[in-house]
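What follows is the residue order along each chain.
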Amino acid sequence: MKRKIFSEVSKGVRKVDAVALATGQPVYTDDFDIPGMLHGKILRSPLAHARIKSIRTTKARRMPGVEAVITWRDVPRIAVTTAGQGYPEPSPYDKFIFDNKVRFVGDEVALVVADTEEAAERALGAIEVEYEELEPLLDVRKALKKGAPVVHDEKDCRVIIPIPYEPRRNLVARVDAAIGNVDKAYKASEIRIDREYENHISAHSAIEPHCSLAYLDPNGRLTIVSSTQVPYHVRRIVARAMDIPVKRVRVIKPRLGGGFGSKQDIVLEPYVAAATLKTGKPVKIRMTREEVFVSSRTRHGMVTNIKIGAGRDGTINAIDLHALSNTGAYGNHGLTVACNVGMRTLVMFACSNMRFTSDVAYTNLPNAGAYRGYGGTQGILPTACAIDELAVKLGMDPVDVLLKNIIAPGAEVPILNELGEGATTGAPRIGSFELAACLRVGSREFGWKRKLARKKDSGRYRRGVGMSPMIQGSSIPYIDMASAFIKMNDDGSFNLNLGATDIGQGSDTVLAQIAAETLTVATDDIIVYASDTDLTPFDVGAYASSTTYLSGRAVKKTAEKVKELILKVGAEMLETSPDRVRLEKAKVIGSDGASVTLKQVGTYSLYEKHQFQIAACESSTSEESPPPTAAHFVEIEVDTLTGRIKVLSYLQAVECGTPINPALCHGQVMGAVVNGLSYALVERFIFNSRGKLLNPNYDYFKIFCSRDRLPIKTIFVPSYEETGPYGAKSVGEVCINGPMPAISNAIYNALGIRMFSAPFTPEKVLDAIAKQGMK
Amino acid sequence: MIPISISINGLKKSLEVRPAESLLDLLRRSGYKSPKFGCGEGACGACTVLLDGRPVNSCLVLAATADGREVVTLESLGDQQRPHPIQQAFMDAGAIQCGFCTPGMILAAKALLDRKANPTEDEIRRALDGNLCRCTGYEQIFSGVKMAAQRLRASGKSAKKK
Amino acid sequence: MIRLTSLQRVSFPRTVEEAGAALAAAEGRAVPIAGGITFAFAPYNRAEELVSLSRLPLDFIAKSGKSLRVGAMTRINDLLESRPVASYADGILTAVASRIGSTLNRNLITVGGNISQPFIWCDLPVALMALKADIVTGGAVSRSLSADEFFARPPRQILKTGELVTEVVFPSLENGTVARYRDFTLTENDFALIKVAAAVRIVKGRCREISLVVGGASALPQRLEKVEAVVRGTKITAPVLAKASAAAEAEVRVIKDIRCTLKYKKVLCGVLVRDILERLSRGEEGGR
């Protein structure tokens, strides 16, 4: 294990935006008002599946304050995907900004633009729509069967890369990845596990609702300020949807109040763009909380089937995982989330017979998209639970079963070749991978073995323990790209212009630390400006846990280039050659001890001699996606009369390479695991029989508050990733995956009942007790 | 429009409000952007302000009924040059990720520390129970409040003084 | 969100009579506003005028011998932090107050509002019935109603136009009476699926008097009279608890709640009743 001494990296440096946020500065999209700004409100479908026979907007147009009413007739019919992904997107082009068909309750029908929000809302009520109601498809299990309603029967939806897509049978994507001979190895196994699990649809619930603002700059260029995770993808896709050149569009991301994947889609931007292009005026649209629940994005619900074949000694011979994924009314992120189900599970195992298949289907339900965990969350449930079931059958500790079967650091992982996110990953070797250490440390610190061996409770309150391994990735190999631009100022400070999007996770800070480390200055000497498509170089955006790892690599590369230039100038000032000087503690030092400060170098380079701007712009892609890993352990207590689960203690052992900023790292894994616990225990979408969401509010859709006691302990297990900036991997997503399988396993440990679908609400648990009886 | 007299952050103002306008909307259009719109139904706390010293959901208060009352927003607490000790503690404790819940959290914490100089963890949890956070899992926010309480006690100042 | 589309003005009367007169004169075009939370849940109100009760002298908590008077404009947070309230009936009202909304909500919600605009999830009505409190009104009509009378029908049907709740009087309880409140929620900050309040008087180990009320099951709180009959006169032993639990499950009327099945609510009612009676029989401290 490498021991590195850093000066800026690995310090809990204060966030660069902390003081702005702590003092309530107006830095979020909704905080910006432009004189003459109009407000937009979207009319949304009350039906899950219908054709629009007619829309009459005359009354609405005439209402006081209304400046425009836009429907499908007023915009060119251009198919796009709203998925914030690199081009060419591996998601179908199946979305029309306004269409003459609606595909879920909450789908966009028309847009009113007025001088106040109230005026716009009143005018919504005056739009007369005649619908021809169609049979809705609300059950993903029926989606691919003969006779199912066809969600996308239009002729012009298509995929733009050669991937399976059969909208006539509601098939959005298909994944088929295998190594070895799974069927043979499974049949030949002494112990066989065969189970079906289910993950439910849920909401990101970022506290800031989606908000976008568009205006024409003085030269008539469309400028969009938006609460987005993907400004560059917004620019490209809005340009496409509006049929204007990319060069006529600028996108700026200000501060975001959370995203978690819900803002990794192009949600409101085309609507403000259309409104501004039509009226010539600034237009802002902000979603209500109800709209965020219904009409932004959700997690993909999935039905998963897992088969594991093993020998009596615990060696796993075969793993066969299938996922039926419900992508809702539109196919954005359908294929890629499904691929990750296999990628974040099978990759863990040193098994030579593995298969992952998936069918992704349309339904007339809200639009599923990217959500922290991105398929890893859905995949780990059947996987970790099947391992647990296998362990029980073998009379073994599941931690030991895992230790016996997971890959070692540096291992070759052939299934990676088959599982790329729509492209082949060519480097099937994992670098750092300390899952074994997480399992051992976590097990020990939690007192796992002792608790596992404990005699079962038999009264009303029964305790149980469960665990789960998990992995994620760090960016998408070959596909993601990040870049950075650094220039030097006269006082020895630097501007760092980043495409990378800080959505609250603190990437501006982490990337500044990396630059500071390389340039041997304090983080405070790095001035960060990010996420403006005119002024910052390209970055795919905040997703796939790419920011620390990939954007970090780009920053380090750029800083190293700048360092070269500094040494060149410093050497010139010291009248020696560049190979005889070094950069240390903000000074260029010659071999004879003479030195110049960075301030002197900056001033000299800009004003004194052979002047030029010390600057560089570098990019990074990656051939790998080094996985952060974790092991979670939970102890619960079940009230067998009400079904309520109480979390008695929870431990997460996490490794993510060098934590560039330990405080922010801790914040990420805490936020992720609490979100995962909330998803496992209390979050639920309740639909009626016609596909309408009945609980689009915080009163009936619950997330945890400060009074919910979740005693969580976090341990960072040391690791070091050679390909990462200063040894770092990313860490934003991985820990959201643990709670659901860990709790399912703990319920089994407590009651002898396996629960195959969450949320594990009290009624659901009590129901399982009633139906299956406790052991 | 209904005329009201209201004190905002110590400044007396005469304002014209729309009859059905919320205090949140009034504050935001009057230039006070720190209280946020998060849900509009009193569940998330992003709109928290102090109304006659009490932390409330400003999205639930009709602006017209705030006539004659005192409103305090985060803007009054400190600024970038001299942040209030509670703001400083939040920064130092890593209690701020996306920052959207932060104004509400800080005001709820201030209302607590105004009354209890040495709150227990239970009291902290209760004081913040109307402020939802999706980023932090709350733990570092509790640390921030404890740190603020400790520092205020050590400096002999109450949270009331700037 | 608040959507009072017809609202034109807000008035601030200084006396209950003034308020009552203003409401009566407006003939339904004006509604009273206390904390105002109601408008978040019944948003499309057509009222042209709001009569604010915020300047009425109804914000008080007063001990009167062993009974307790609470003014209608008392904020729930004040109830929660009040010492006289904490020392009344084992602090059951403190316990109830702690379950209402969040700290932010509780600084707006008033006692009067929580009982005269009773949404299915409201907590105070349940406790008022269990404690057999009286509700005093003023304005266009002045009278005193028992909690059972007040909650027999939706209070908006019972109150006349211009009649306002002015205070609640909690009676002094006989010696040996202990009171408890319990609810069942998904998270700590949640509308309860169901809630139960009970006051029992135990003399020489035997239950002499019992008042048991469930809320959150149907539109109004329900007195579980059959369960009361099962328990009254007995020593509250395990068999009695089992019988009471089954009786509660059978007696409670439940209406549709999107969050759970009717059956589950009934089961919960049985468990909560069992738990609350068990606690009361042990005579433990604390209202919950």
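These figures come from a predicted structure and were not determined experimentally.

Thoughts on the interface of chain B and chain A
The extent of an interface is frequently quoted as the accessible surface area lost upon association of the parts.
Piece 1. The partner chain A presents 53 residues to the 45 residues of chain B that form the contact.
Piece 2. Of the roughly 4,000 Å² buried where chain B meets chain A, counting both sides, 54% is carbon and sulfur surface.
Piece 3. On the chain B side of the interface with chain A, the three residues burying the most area are Phe 37, Gln 97 and Arg 134 of chain B, jointly 20% of the side's total.
Piece 4. Across the contact surface, chain B and chain A share 8 salt bridges.
Piece 5. Notably, a salt bridge pairs Glu 683 of chain A with Arg 134 of chain B, separated by 2.9 Å at the nearest N-O pair.
Piece 6. The interface formed by chain B and chain A holds 28 residue pairs in polar contact (both at pLDDT 80 or more) in total.
Piece 7. Residues of the side of chain B that touches chain A, tallied by class, amount to 18 nonpolar, 12 polar and 15 charged.

Let's talk about the environment of Ala 544 of chain A
Residues and elements named next belong to chain A.
Piece 1. For Ala 544, the location among the structural elements is in the loop between strand E19 (526-530) and helix H16 (547-573).
Piece 2. Placed 218 residues apart in sequence, Ala 544 and Pro 762 show a C-alpha to C-alpha distance of 33 Å.
Piece 3. Those residues in contact with Ala 544, other than ones at most four positions away along the chain, are Gly 473, Ser 474, Ser 475, Ile 476, Asp 480 and Glu 733.

Some thoughts on the packing of aromatic side chains
Where two aromatic rings form a pair, the distance of their centres and the angle of their planes describe that pair.
Piece 1. For the structure shown, the criterion picks out 19 aromatic pairs over all chains.
Piece 2. Taking the centre distance of 5.5 Å and the plane angle of 65° together, the rings of Phe 685 of chain A and Phe 701 of chain A count as edge-to-face. Of the two residues, Phe 685 of chain A sits in the loop between helix H18 (662-681) and strand E26 (712-716) while Phe 701 of chain A sits in the loop between H18 and E26, which places them 16 residues apart along the sequence. Accessibility classification places Phe 685 of chain A together with Phe 701 of chain A in one group, the buried group.
Piece 3. Residues Tyr 138 of chain B and Phe 142 of chain B carry aromatic rings whose centres are separated by 6.5 Å and whose planes lie at 20° to one another, so their mutual orientation is stacked.
Piece 4. Of the residues examined, Tyr 138 of chain B reaches a relative accessible area of 4% and is grouped as buried.
Piece 5. A cation sits over an aromatic face here: Arg 299 of chain A above Tyr 679 of chain A, 5.1 Å from the ring centre.

Here's the deal with the sheet that holds strand E4 (residues 101-102) of chain A
Residue and element names in this part refer to chain A.
Piece 1. Strand order in this open sheet of 3 strands is E4-E2-E6, and the pairing throughout is antiparallel. The open sheet terminates on both sides in strands that have one partner only, identified here as E4 and strand E6 (128-133).
Piece 2. Relative to E6, strand E2 (residues 50-56) runs antiparallel, the two being bridged by 6 bridges. Residue pairing across strands places Ile 55 opposite Val 129, the latter belonging to E6.

A few points about helix H2 (residues 85-92) of chain B
Piece 1. Within H2 of chain B the residues assigned to the buried category are Ile 86, Gln 87, Ala 89, Phe 90 and Met 91 of chain B.
Piece 2. On its buried side, H2 of chain B packs onto helix H1 (18-22) of chain A together with helix H3 (102-115) and helix H5 (139-154) of chain B.
Piece 3. Backbone geometry just after H2 of chain B places Gly 94 of chain B at a positive phi near 70°.

Structural notes on the pattern of salt bridges
Piece 1. Within this structure, the stated rule accounts for 97 salt bridges over all chains.
Piece 2. Residues Arg 51 of chain A and Asp 153 of chain A are paired through a salt bridge, measuring 2.9 Å at the closest nitrogen-oxygen approach. On the criterion of sequence distance, the pair formed by Arg 51 of chain A in strand E2 and Asp 153 of chain A in the loop between helix H4 (140-143) and strand E7 (171-179) is long-range, its members being 102 residues apart.
Piece 3. The closest approach of N and O atoms between Glu 188 of chain C and Arg 99 of chain C, which form a salt bridge, is 3.3 Å. Of this pair, Glu 188 of chain C sits in the loop between strand E9 (177-184) and strand E10 (194-203) while Arg 99 of chain C sits in the loop between helix H5 (92-98) and helix H6 (103-106), and the two are 89 residues apart along the sequence.
Piece 4. Residue classification places Glu 188 of chain C among the partly exposed positions, given a relative accessible area of 28%.
Piece 5. Classification of Arg 99 of chain C by relative accessible area gives buried; the value is 10%.
Piece 6. Each member of the salt-bridge network shares a partner with another, and the members are Asp 30, Asp 31, Asp 33, Lys 41, Glu 117, Lys 284 and Arg 286 of chain A together with Arg 28, Lys 33 and Lys 36 of chain B.

Observations concerning the sheet that holds E9 of chain C
Residues and elements named next belong to chain C.
Piece 1. The antiparallel open sheet is built from 4 strands, whose spatial order is E9-E10-E11-E12. Looking along the sheet, the strands with just one partner apiece sit at the ends: E9 and strand E12 (222-223).
Piece 2. Bridge analysis of E10 against strand E11 (residues 206-215) gives 9 bridges, and the strand direction is antiparallel. Looking across to E11, one finds that Ala 199 is bridged to Ser 211.
Piece 3. Helix H13 (residues 262-282) contacts E9, E10 and E11 of the sheet and is inclined by roughly 30° relative to E10.

Some words on the confidence of the model for chain C
Piece 1. For chain C, the average pLDDT comes to 93, and 96% of its residues sit at 70 or higher.
Piece 2. Per the prediction output, this complex has pTM 0.96; the corresponding ipTM is 0.97.

Points about the interface of chain C and chain A
Piece 1. Contacts between chain C and chain A engage 27 residues on the former and 23 residues on the latter.
Piece 2. For the pair chain C and chain A, the two sides together bury roughly 2,200 Å², of which 57% comes from carbon and sulfur.
Piece 3. Where chain C touches chain A, the interface holds 3 salt bridges.
Piece 4. Take the side of chain C that touches chain A: its biggest share by element is 6 residues, from H13 of chain C.

Criteria and cut-off values
- Residues numbered from 1 in each chain as written.
- Chains lettered and ligands numbered in written order.
- Predicted model: local features only at pLDDT ≥ 70, side-chain atom pairs only at ≥ 80, totals over all residues.
- Heavy atoms only, no water.
- Contact = heavy atoms within 4.5 Å.
- Buried area = accessible area lost by both parts, 1.4 Å probe.
- Salt bridge = Lys/Arg side-chain N within 4 Å of Asp/Glu carboxyl O.
- Polar contact = N/O pair within 3.5 Å; in protein donor to acceptor, adjacent residues only side chain to side chain.
- Nonpolar A, V, L, I, M, F, W, Y, C, P; charged D, E, K, R; others polar.
- Helix = DSSP H or I, 4+ residues; strand = E, 2+ residues; numbered from the N terminus.
- Phe/Tyr/Trp six-rings, centres within 6.5 Å; stacked < 30°, edge-to-face > 60°.
- Buried < 20%, exposed > 50% of the residue type's maximum accessible area, 1.4 Å probe, protein only.
- Lys NZ or Arg CZ within 6 Å of the ring centre and 35° of its normal.
- Pairing = 2+ DSSP bridges.
- Axes fitted to C-alpha atoms, helices over the stretch in contact; angles between N-to-C directions.
- pLDDT = per-residue confidence, 0-100.

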